Amino acid sequence: MAGDKATTEVLARADPDALINALPDPVLTVAEGNRIVFANVSAENFFQTSATVLRRHRIDDVVPFASPLLTLVQQVRDTGATVNEYAVDVGTPRTGGERLVDLQVTPLSEQDGTIVIVFQLRSMAHKIDRQLTHRNAARSVTGMAAMLAHEIKNPLSGIRGAAQLLETAVGEEDRTLTRLICEETDRICTLVDQMEVFSDERPPETKPVNIHAVLDHVKAVAESGFAKDLTISESYDPSLPPVLGNRDQLIQVFMNLVKNAAEAILSEGGDGEITLSTAFRPGVRLSIPGSDERVMLPLEFCVHDTGPGIPEDIVAHLFDPFVTTKATGKGLGLAMVAKIIGDHGGIIECDSQNGRTTFRVLMPMFTGERDQPAEDKQDHGGQ
């Protein structure tokens with residue numbers, strides 16, 4: 001009983017505003033006319049403005065036009081019952097584009113017409129769930145790739161051989177057709193070869209790699225070739241520890257991402273910039289399916305571009321095989337990127353809006369006792 005009494009006394013002395021401000025989730029209170037009358041500290045951070053400024057506005061002013069949140073608020077006023085809604089986008093240009101949240105909208109019984117809105121962020125946990133789906137999608141073509149190699153390549157070789165024999169026995173006009181057959185069979189074989197890579201389930205051969213050396217190599221190749229007319233800048237964390245990875249495969253990953261960024265900018269006239277960035281982000285963990293183990297993913301490597309962005313209906317499926325925004329693309333590049341990063345124990349995520357697209361790779365760091373290879377023994381700034 002003494003403990004209950006002490007608890008009651010503590011709660012009686014507590015400042016209600018202080019309790020709400022301690023919550024990690026953004027909380028808004030709106031009165032009649034949807035005027036904002038209270039915002040906790042998390043709401044200030046979420047909407048990137050102070051509570052004083054928020055109180056000068058209606059909820060309509062801080063969420064997208066015709067947002068489902070406005071309908072939910074009205075529904076709660078009409079019914080007097082709490083409503084929950086999941087995966088609602090309340091992002092605006094002020095808050096940096098897409099902001100998916102779960103919403104809890106509830107009436108304040110002591111004050112008629114006053115509504116409390118709790119925003120529950122769906123940030124990293126939601127992205128990791130999506131990434132696991134992307135990874136599984138990339139692996140889902142493994143069996144199909146092996147089947148294609150066996151069932152398609154052998155008949156194609158016969159078709160090509162027959163076309164070559166015909167070429168020696170037909171006139172010049174018909175030789176054009178036999179050459180077309182050879183060219184098309186070669187093209188299909190190339191596609192199947194690309195597919196076969198997905199059937200390789202062997203773990204990559206890894207060693208400690210200085211990611212800045214990888215990015216500098218990719219940058220040098222890009223600036224001398226497909227991105228020679230673009231600006232590529234760097235924003236590196238020079239103290240970053242090495243990543244345990246396969247250098248050649250990591251070069252393949254970032255070459256693909258930088259080339260995609262360059263093509264996106266060039267498709268809009270070529271006036272844009274690519275930025276390569278690295279950072280240490282402690283606290284990001286990935287659960288391993290089938291075990292209680294959680295892997296730290298503190299190393300963040302990003303490729304940013306100022307291109308036109310990726311269509312919203314494609315972003316969620318961007319790492320699935322055969323999904324592409326390019327007229328002549330096969331849709332295997334990003335699926336391969338997802339597979340390589342997954343084989344390295346990491347995840348990749350894309351955030352895109354008009355004028356700003358970011359591919360973010362999160363990976364574990366090297367924690368062993370081995371020395372770094374001689375080729376990577378340089379300062380982590382990659383200079």
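Just so we're clear, the structure is a prediction, and the values are computed from it rather than from any experiment.

S.K.: Can you help me understand the environment of isoleucine 341 in this one?
M.R.: The residue isoleucine 341 is located in helix H13 (residues 333–343) in this model. Distance from isoleucine 341 to glycine 245, taken between C-alpha atoms, is 9.3 Å for residues 96 residues apart in sequence. Sequence-distant contacts of isoleucine 341, that is, excluding residues within four places in its chain, are made with Val253, Gly346, Ile347, Ile348, Val361 and Met363.

S.K.: Explain the packing of aromatic side chains here, please?
M.R.: We describe a pair of aromatic rings using the distance from one ring centre to the other and the angle between the two ring planes. This model, assessed by the stated rule, comprises four aromatic pairs. With 4.9 Å between their ring centres and 85° between their planes, phenylalanine 46 and phenylalanine 47 make a pair best called edge-to-face. No difference in accessibility class separates phenylalanine 46 from phenylalanine 47, as the two residues are buried. Ring geometry for phenylalanine 47 against phenylalanine 119: centres 5.6 Å apart, planes inclined by 85°, an arrangement best described as edge-to-face. Residue phenylalanine 47 is located in helix H3 (residues 41–47), and its partner phenylalanine 119 is located in strand S5 (residues 115–121); the two are separated by 72 residues in the primary sequence. On the accessibility criterion, phenylalanine 47 (2% relative accessible area) is buried.

S.K.: In this structure, what is going on with unusual backbone geometry? I would like to understand it.
M.R.: Most peptide bonds take the trans configuration, and most residues that are not glycine carry a negative phi. One non-glycine residue, asparagine 34, lies in positive phi territory at about 65°. Looking at where asparagine 34 falls in the secondary structure, it is placed in the loop between strand S1 (27–30) and strand S2 (36–39).

S.K.: Please clarify how the packing of helix H10 (residues 211–223) against helix H11 (residues 247–266) should be interpreted in this entry.
M.R.: Where H10 meets H11, the closest approach of the two axes is 9 Å, and the angle between their N-to-C directions is 50°. What the angle tells us is that H10 and H11 run oblique. Relative to H11, the crossing made by H10 is right-handed. Each of Ile211, Ala213, Val214, Leu215, His217, Val218, Val221 and Ala222 in H10 lies in contact with H11, whose residues at this interface are Arg247, Leu250, Ile251, Phe254, Met255 and Val258. In terms of residue class, the contact of H10 with H11 is built from 12 nonpolar, one polar and one charged.

S.K.: What is the right way to read the packing of H11 against H13 from this model?
M.R.: Packed helices, taken two at a time, are described by the angle between their axes plus the distance between the axes. Between H11 and H13, the least distance of the axes is 10 Å, while the angle of their chain directions is 145°. In this structure, the crossing between H11 and H13 has a hand that is left-handed. Contacts between H11 and H13 involve Gln249, Gln252, Val253, Asn256, Leu257 and Asn260 on the former and, on the latter, Gly333, Leu334, Met336, Val337, Ile340 and Ile341. Here the contact of H11 with H13 is built from residues that sort into seven nonpolar, five polar and no charged.

S.K.: I'm lost on H10 in this one. Help?
M.R.: Residues spaced three or four apart along an α-helix face the same direction, because each turn holds 3.6 residues. Between the first and last C-alpha of H10 there are 18 Å, a value that for 13 residues agrees with the 18 Å anticipated at 1.5 Å per step. Regarding H10, the residues found buried are Ile211, His212, Ala213, Val214, Leu215, Asp216, Val218, Lys219 and Ala222. The residue sitting at the N-terminus of H10 and contributing the capping side-chain oxygen is asparagine 210; that oxygen lies 2.9 Å from the backbone nitrogen of histidine 212.

S.K.: Help me out: how do you make sense of the pairing of S5 in this one?
M.R.: The two faces of a sheet get side chains in turn, since along a regular strand they alternate between them. Counting buried residues along S5, five of its seven residues qualify, which places the element largely inside the surrounding structure. Here S1 pairs with S5 via four bridges, running antiparallel. From the neighbouring strand, valine 30 faces S5, where its bridge partner is isoleucine 115.

S.K.: What's the story with the nonpolar core in this structure? I'm lost.
M.R.: Generally speaking, soluble globular proteins have nonpolar side chains that are buried together. Counting residues in hydrophobic clusters, the biggest one holds 43 residues, and the most contacted among them are Ile211, Phe254, Leu257, Ile274, Phe301 and Phe359. Counting only elements with at least two residues in this core, the list comes to H10, H11, strand S9 (273–280), strand S12 (299–305), helix H12 (312–315), H13, strand S13 (347–353) and strand S14 (356–363). In this view, phenylalanine 254 contacts Ile211, Val214, Leu215, Val218, Phe301, Val303 and Val361; residues no more than four positions away in its chain are not counted. Core analysis: the next-biggest nonpolar cluster, separate from the first, contains 26 residues, Phe47, Ala51, Val62 and Val105 among them.

S.K.: Quick question: what am I supposed to make of H13 here?
M.R.: Taken across its 11 residues, H13 has nine buried, putting it largely inside the fold. Taken residue by residue, H13 has Leu334, Ala335, Met336, Val337, Ala338, Lys339, Ile340, Ile341 and Gly342 as its buried positions. The positive-phi residue at the C-terminal boundary of H13 is glycine 345, with phi of around 85°.

S.K.: Looking at this model, I keep getting lost on the side chain of asparagine 34. Mind explaining?
M.R.: Overall, the relative accessible area of 12% leaves asparagine 34 in the buried class. A distance of 2.8 Å separates the side chain of asparagine 34 from the side chain of arginine 77, its partner in a polar contact.

So, how was this worked out
Residues numbered from 1 in each chain as written. Predicted model: local features only at pLDDT ≥ 70, side-chain atom pairs only at ≥ 80, totals over all residues. Heavy atoms only, no water. Helix = DSSP H or I, 4+ residues; strand = E, 2+ residues; numbered from the N terminus. Contact = heavy atoms within 4.5 Å. Phe/Tyr/Trp six-rings, centres within 6.5 Å; stacked < 30°, edge-to-face > 60°. Buried < 20%, exposed > 50% of the residue type's maximum accessible area, 1.4 Å probe, protein only. Axes fitted to C-alpha atoms, helices over the stretch in contact; angles between N-to-C directions. Parallel < 35°, antiparallel > 145°, perpendicular 65-115°, else oblique. Left-handed = near helix turned anticlockwise from the far one by under 90°. Nonpolar A, V, L, I, M, F, W, Y, C, P; charged D, E, K, R; others polar. Expected span 1.5 Å × (residues − 1). Polar contact = N/O pair within 3.5 Å; in protein donor to acceptor, adjacent residues only side chain to side chain. Pairing = 2+ DSSP bridges. Core = buried A, V, L, I, M, F, W, Y, C linked by side-chain atoms within 4.5 Å.

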